[in-house]
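Next come the chains, spelled out residue by residue.
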Amino acid sequence: MTVGEDLERPPHAPVMVDEVVRFLGERGVILDLTLGAGGHAAALLDAGVETVIGVDRDPAALELARERLRSFGDRVRYLRARFSEVDAEAVGGSVDGVLFDLGVSSMQLDQSHRGFGYRVDGPLDMRMGPDGPSAADLVNDLPEDELADLIFEYGQERRSRRIAGAIVRNRPIATTDQLARIVAGALGRNPGGPHPARRTFQALRIAVNRELEELAASLPQAVGLLGPGGRVVVIAYHSLEDRIVKFGLREDERLLVLTKRPLRPTPDEVARNPRSRSAMFRVAERTEAA
Ligand SMILES: C[S@@+](CC[C@H](N)C(=O)[O-])C[C@H]1O[C@@H](n2cnc3c(N)ncnc32)[C@H](O)[C@@H]1O
């Protein structure tokens, strides 16, 4: 897929962008650890942020962001890395704010060849970056009980044993459509309800990209990069992520938490952008004393 083709799709709409600008706007240097299509970055630069250092593990996302943020010239620096790899050396000093907008982007979900979605058929891949085992490797190679545990834990799926049994009986599995049908066959359809494979796909995506490990490792590192008064903003999309953020911010003695409860998108934003529905937005500030 070329950048040109990507640009023809509706771009990923940035979630809770007004809140991001409210807490991070008018600052010097912002480290955007999940640059994606650059929507938050563009809003921050428009709001007066001097420089954005944009990180993404996905080379296709960086290419797209580069295209969209071209007009900001050298006010944007690009870095292809997992956010757990980003340290003071990579950033070149301290920063005034850090943004994590977790999970996958609409582009990743919608592009069939990336293999994230149960609605679009494609190779069962789900890797955000070019490295590591794919979702097909996991479903074809893991023992049944490990597969069931993974689907239970990361998908919060009660019927994980039934699903894992059906997967093992139908191996090898090569495509998203094949997997979606196997899960639907094991659980039965729920007319009008969410797709029965939704939780299984979430679980595999989290495991393939080691999303929770990445977040737990990166959060304290990112706080270490903040100068006094610097802020960290995290937008999480499910309770497994939000739990790590909530306790990670609360237990870090270098931080003052500014959001006792997570901020949520307005009903108007949810109506405009259904992807924002599950967003949980937390902010903390690095104290002078740290
Ligand atoms: C929800 S999208 C971000 C969208 C972006 N804020 C925007 O406005 O366009 C999340 C992005 O973070 C990237 N990402 C997720 N986990 C990552 C990690 N551990 N390291 C680096 N990038 C990551 C994904 O590749 C994806 O492009």
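Coordinates for the structure precede this section.
Because the structure is predicted, anything quoted here is derived from the model rather than measured.

## Overview of the sheet that holds strand E1 (residues 29-32)
- The seven strands lie next to each other as E3-E2-E1-E4-E5-E7-E6, forming an open sheet whose pairing is mixed. Each end of this open sheet is capped by a strand with a single partner; those strands are strand E3 (76-80) and strand E6 (255-257). Between one strand axis and the next, the sheet turns by 20° as a mean value, whatever way the strands run.
- Two elements, E6 and strand E7 (residues 280-286), share three bridges in a ladder whose sense is antiparallel. Bridge pairing links Val-257 to Ala-284 in E7.
- Strand contacts of helix H2 (residues 17-24): E1, strand E4 (95-101), strand E5 (226-236) and E7, with the helix running at about 170° to E5, the strand carrying the most contacts.

## A few points about helix H10 (residues 176-187)
- Across its twelve residues, H10 extends 17 Å between first and last C-alpha, which sits within 8% of the 16 Å expected from 1.5 Å per residue.
- Buried within H10 we find Thr-176, Leu-179, Ala-180, Ile-182, Val-183, Ala-184, Ala-186 and Leu-187.
- Contacts made by the buried residues of H10 are with helix H9 (160-169) and helix H11 (198-208).
- With its phi angle positive at about 85°, Gly-188 sits one or two positions after the end of H10.

## Quick look at the packing of H10 against H11
- Between H10 and H11, whose axes approach to 9 Å, the crossing angle comes to 130°. On the basis of the axis angle, H10 is oblique to H11. In contact with Thr-176, Leu-179, Ala-180 and Val-183 of H10, H11 contributes Thr-200, Phe-201 and Leu-204.
- Counted by class, the contact of H10 with H11 contains five nonpolar, two polar and no charged residues.

## Focus: the nonpolar core
- Leu-124, Leu-150, Ile-167 and Leu-179 are the most contacted members of the largest nonpolar core, which has 36 residues in total.
- Looking at this core, the elements that each hand over two or more residues are helix H7 (135-141), helix H8 (144-155), H9, H10 and H11.
- In contact with Leu-179, other than residues within four places in its own chain, are Leu-124, Ile-167, Ile-173, Phe-201 and Leu-204.

## Considering the pairing of E4
- Judged by how many residues are buried, E4 sits mostly within the fold: six of seven residues are covered.
- Summarising the sheet, E4 and E5 pair through six bridges and their orientation is parallel. Paired with Val-98 across the bridge in E5 is Val-232.

## Details of the site of the ligand
- Neighbouring the ligand are 26 residues, the closest being His-40, Asp-56, Phe-83, Asp-101 and Gln-108.
- Between the ligand and Asp-56 there is a distance of 2.7 Å, counted from an oxygen atom to a side-chain nitrogen or oxygen.
- Residue Asp-101 places a side-chain N or O atom 2.8 Å away from a nitrogen atom belonging to the ligand.
- Contact with the protein chains covers 99% of the free accessible surface of the ligand, which is 600 Å².

What counts, and at which threshold
Residues numbered from 1 in each chain as written. Predicted model: local features only at pLDDT ≥ 70, side-chain atom pairs only at ≥ 80, totals over all residues. Heavy atoms only, no water. Pairing = 2+ DSSP bridges. Helix = DSSP H or I, 4+ residues; strand = E, 2+ residues; numbered from the N terminus. Axes fitted to C-alpha atoms, helices over the stretch in contact; angles between N-to-C directions. Contact = heavy atoms within 4.5 Å. Expected span 1.5 Å × (residues − 1). Buried < 20%, exposed > 50% of the residue type's maximum accessible area, 1.4 Å probe, protein only. Parallel < 35°, antiparallel > 145°, perpendicular 65-115°, else oblique. Nonpolar A, V, L, I, M, F, W, Y, C, P; charged D, E, K, R; others polar. Core = buried A, V, L, I, M, F, W, Y, C linked by side-chain atoms within 4.5 Å. Near = heavy atom within 4 Å. Polar contact = N/O pair within 3.5 Å; in protein donor to acceptor, adjacent residues only side chain to side chain. Areas by Shrake-Rupley, 256 points an atom, 1.4 Å probe, with all protein chains shown as cover.

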